[in-house]
Amino acid sequence: MSEFVQYLVNGLTIGAFLALIALGYSMIYGVVRLINFAHGDVFMIGAFTGYGVLTTLGVTGGAAWPAVLAAVVAGALATGIVGTGIARAAYVPLLSSPRLALLIAAIGVSLALEEGVKDLTHARFKSYPGVLDGGRIFSGTVRVTYGQLTLVLVALALMAGLWLFVTRTVTGTAMRALAMDRDAARLQGINVERLVLVTFFAGSVLAGAAGVMYGLYYVQISFGMGFLIGLRAFTAAVLGGIGNLPGTMVAGVCIGLVQSFAAGYVSSRWTDVIIFGLLIAVLALRPTGLFGERVVERA
């Protein structure tokens with residue numbers, strides 16, 4: 001029973017990170033109808049930004065919460081700027097082009113970001129300082145730290161903030177209108193290009209914050225970390241019904257739980273086989289995902 005509880009706690013923690021990244025995939029696809037392959041690499045840049053802030057501030061360990069907060073904010077803002085810049089330079093000029101052009105551009109951006117960070121870091125792994133080790137809520141057979149709890153609460157706060165932004169603000173309402181019909185939204189006076197940039201900024205901010213929290217939790221980061229994490233997050237977005245934000249949040253947590261239990265009870269080598277096998281099984285039964293967001297095809 002203690003093992004089950006430990007895997008549950010670990011799965012909820014991992015799921016919080018995945019949900020944040022998956023929300024970016026879901027938002028961008030909902031508005032632009034683009035599978036943004038570069039999103040996982042934006043997450044990776046957030047992780048390296050947070051690492052840079054912590055090392056610059058001289059943090060070597062212990063509960064340095066002001067420095068951790070600065071790292072999360074810096075990672076989120078840096079990736080927000082990077083994501084917006086990518087959208088402005090590579091995606092907005094192609095909005096009227098066939099979807100294949102956008103898809104190829106996304107793959108190119110992903111490779112450019114990954115190879116750029118690889119060169120800058122000399123392809124070396126980096127290690128975050130152990131700032132989450134101190135202070136345990138439970139110990140012994142079940143290990144839950146205050147750091148884990150804090151990361152989950154921050155992730156939940158960011159998700160709630162996004163939900164309020166999308167559902168309670170004028171800009172969020174315009175984004176939902178744009179997701180339904182781009183041409184009709186333009187005829188209503190909505191600035192499509194500006195809203196696309198806002199969408200990329202919001203999604204990239206969430207990915208950057210998740211990157212810093214991932215680094216704090218797992219400690220070790222690398223230039224290639226965004227690929228697999230991005231695929232898992234995209235799986236969560238599809239499972240939840242891509243474009244459906246609440247569904248994406250729930251599916252992200254579910255994927256985190258599957259990852260934790262699969263690694264604990266089966267083998268970490270089989271984790272991705274189980275995750276992507278689950279994706280295939282769900283889509284075979286419900287092609288629109290668990291929460292069935294209806295996607296309107298556009299000409």
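Preceding block: the structure.
Residues numbered from 1 in each chain as written. Predicted model: local features only at pLDDT ≥ 70, side-chain atom pairs only at ≥ 80, totals over all residues. Heavy atoms only, no water.

Focus: the overall build of the protein
The criterion, for reference: Working definition: helices are DSSP H or I runs of at least four residues, strands are E runs of at least two. Numbering for both runs from the N terminus. Atoms counted for the radius of gyration: C-alpha only. Globule rule: 2.2 Å times residue count to the power 0.38. For every residue, the accessible area obtained with a 1.4 Å probe (protein chains only) is divided by the maximum for its type, and the residue is called buried under 20%, exposed over 50%, and partly exposed between those limits. Whether two residues are in contact is decided by their heavy atoms: any pair within 4.5 Å suffices. For accessible areas, the Shrake-Rupley method is used with a probe of radius 1.4 Å. Any residue's cover is judged against the shown protein chains and nothing else.
In terms of regular secondary structure, the protein is built from 11 helices and 4 strands. For the protein, whose C-alpha radius of gyration is 19 Å, the value lies close to the compact-globule estimate of 19 Å for 299 residues. Seen through its principal axes, the protein has C-alpha atoms that stretch 60 × 45 × 35 Å. The buried share of the protein, reckoned over its 299 residues, is 51%. A separation of at least 24 residues holds for 77% of the contacts in the protein among residues at least 6 apart in sequence. Just so you have it, the protein exposes about 13700 Å², and 67% of that area is on carbon and sulfur atoms.

Here's the deal with the packing of helix α3 (residues 65-91) against helix α8 (residues 192-218)
Cut-off, in case you're wondering: Geometry is summarised by axes, namely lines fitted to C-alpha atoms with helices restricted to the contacting stretch, and by angles between N-to-C directions that run from 0 to 180 degrees. Here is the rule for angles: anything less than 35 degrees is roughly parallel, anything more than 145 is roughly antiparallel, 65 through 115 is roughly perpendicular, and the remaining ranges are oblique. In this scheme the crossing of two helices becomes right-handed for a clockwise turn of the near helix relative to the far one and left-handed for an anticlockwise turn of less than a right angle. Lys, Arg, Asp and Glu make up the charged group, whereas Ala, Val, Leu, Ile, Met, Phe, Trp, Tyr, Cys and Pro make up the nonpolar group; the residues left over, Gly among them, are polar.
It is the contact of α3 with α8, at a shortest axis distance of 7 Å, that shows an interaxial angle of 140°. In terms of axis orientation, α3 runs oblique to α8. Judged by the sense of rotation from one axis to the other, the crossing of α3 with α8 is right-handed. Class assignment for the residues of the contact of α3 with α8 results in 14 nonpolar, 7 polar and 1 charged.

Regarding a nonpolar patch on the surface
What counts here: Nonpolar side chains (Val, Leu, Ile, Met, Phe, Trp, Tyr) are joined into patches within 5 Å and like charges within 9 Å, using only residues with over 30% relative accessible area and no salt bridge. For this document, the term salt bridge refers to a Lys or Arg side-chain nitrogen within 4 Å of an Asp or Glu carboxyl oxygen.
Together, M1, F4, Y265, V266, W270, V273 and I274 make up an exposed nonpolar region whose accessible area comes to about 750 Å². Inspection of the secondary structure puts V266 in the loop between α10 (245-265) and α11 (271-285). Using a relative accessible area of 52% as the deciding quantity, one classes V266 as exposed.

Description of the pattern of salt bridges
When their charged atoms lie close together, side chains carrying opposite charge are able to pair. Within the structure shown, the criterion is met by 2 salt bridges. The partner of E193 in a salt bridge is R186, and the shortest N-O contact between them spans 3.5 Å. With relative accessibility at 31%, the residue E193 sits in the partly exposed group. The partner of R232 in a salt bridge is D272, with the nearest N and O atoms 2.8 Å apart. Residue R232 is located in helix α9 (residues 225-240), and its partner D272 is located in helix α11; the two are separated by 40 residues in the primary sequence.

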